[in-house]
Amino acid sequence: MSTLSTHVLDLVSGQPAAGMAISLWAGRECLFRGVTNADGRCPELSQTTGDMQAGAYRLEFAVAAYFRARDVALSDPPFLDVVPIAFGMAQVAPGEKGGHYHVPLLVSPYGFSTYRGS
């Protein structure tokens, strides 16, 4: 079993991305929907999902809606609308404590980056 968190940074303003809608999916099943707080985090994600099984997941970030709400000029259609990050959580060996998966997003209207954080 593992836990999950995320953090979104707005590269246009150089600030945490407060108010960005995110969702967590396992296949076609939506496990969580929420919005980032003033620090660009979504603590309800780990509170709602708790310990997660090994498997394939996808976080989706509503990037275009976030930038539109901040009056950032976007192309029509926007280059980035919803940013999906597909990732896997590995099986934990018996007797070992589960890992923590932190999936941050650094984003602008025209590019993004992610990594497995701590």
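Calculation criteria
- Residues numbered from 1 in each chain as written.
- Predicted model: local features only at pLDDT ≥ 70, side-chain atom pairs only at ≥ 80, totals over all residues.
- Heavy atoms only, no water.
- Helix = DSSP H or I, 4+ residues; strand = E, 2+ residues; numbered from the N terminus.
- Contact = heavy atoms within 4.5 Å.
- Salt bridge = Lys/Arg side-chain N within 4 Å of Asp/Glu carboxyl O.
- Buried < 20%, exposed > 50% of the residue type's maximum accessible area, 1.4 Å probe, protein only.
- Pairing = 2+ DSSP bridges.
- Polar contact = N/O pair within 3.5 Å; in protein donor to acceptor, adjacent residues only side chain to side chain.

Participant: A description of the environment of Leu-80 should follow, citing residues and the corresponding values.
Facilitator: For Leu-80, the location among the structural elements is in the loop between α2 (63-69) and β6 (82-89). Sequence spacing of Leu-80 and Ala-62 is 18 residues, and the spatial spacing of their C-alpha atoms is 8.9 Å. Excluding its chain neighbours within four sequence positions, the residues that come into contact with Leu-80 are Val-63, Ala-64, Ser-108, Pro-109, Tyr-110, Gly-111 and Phe-112.

Participant: Explain the pattern of salt bridges to me, using residue names and the numbers behind them.
Facilitator: Any two side chains of opposite charge can pair, so long as their charged atoms come close to each other. Taken as a whole and assessed by the stated rule, the structure comprises 2 salt bridges. Note that Asp-39 is salt-bridged to Arg-41, the shortest N-O span being 2.8 Å. By relative accessible area, Asp-39 is classed as partly exposed at 38%. Judged by its relative accessible area of 33%, Arg-41 is partly exposed. Linking Arg-58 and Glu-60 is a salt bridge whose minimum nitrogen-to-oxygen distance equals 2.8 Å. The exposure class of Arg-58 is partly exposed, given its relative accessible area of 24%. With a relative accessible area of 21%, Glu-60 lands in the partly exposed category.

Participant: Run through the pairing of strand β1 (residues 3-10), naming residues and quoting values.
Facilitator: Taking burial as the measure, the 8 residues of β1 include 6 buried ones, the bulk of the element. Sheet topology note: the β1/strand β2 (residues 15-16) ladder contains 2 bridges and is antiparallel. The partner of Asp-10 across the bridge, within β2, is Gln-15. Counting the residues between successive antiparallel strands, the hairpin from β1 to β2 contains 4 residues, one of them, Gly-14, with a positive phi of roughly 70 degrees.

Participant: Account for the environment of Tyr-57, naming residues and giving values.
Facilitator: Tracing the sequence through the fold places Tyr-57 in strand β5 (residues 55-62). Expressed as a C-alpha distance, the spacing of Tyr-57 and Asp-10, which sit 47 residues apart in the sequence, is 23 Å. Reaching out from Tyr-57, the side chain makes a polar contact with the backbone oxygen of Gln-53 at a distance of 2.8 Å.

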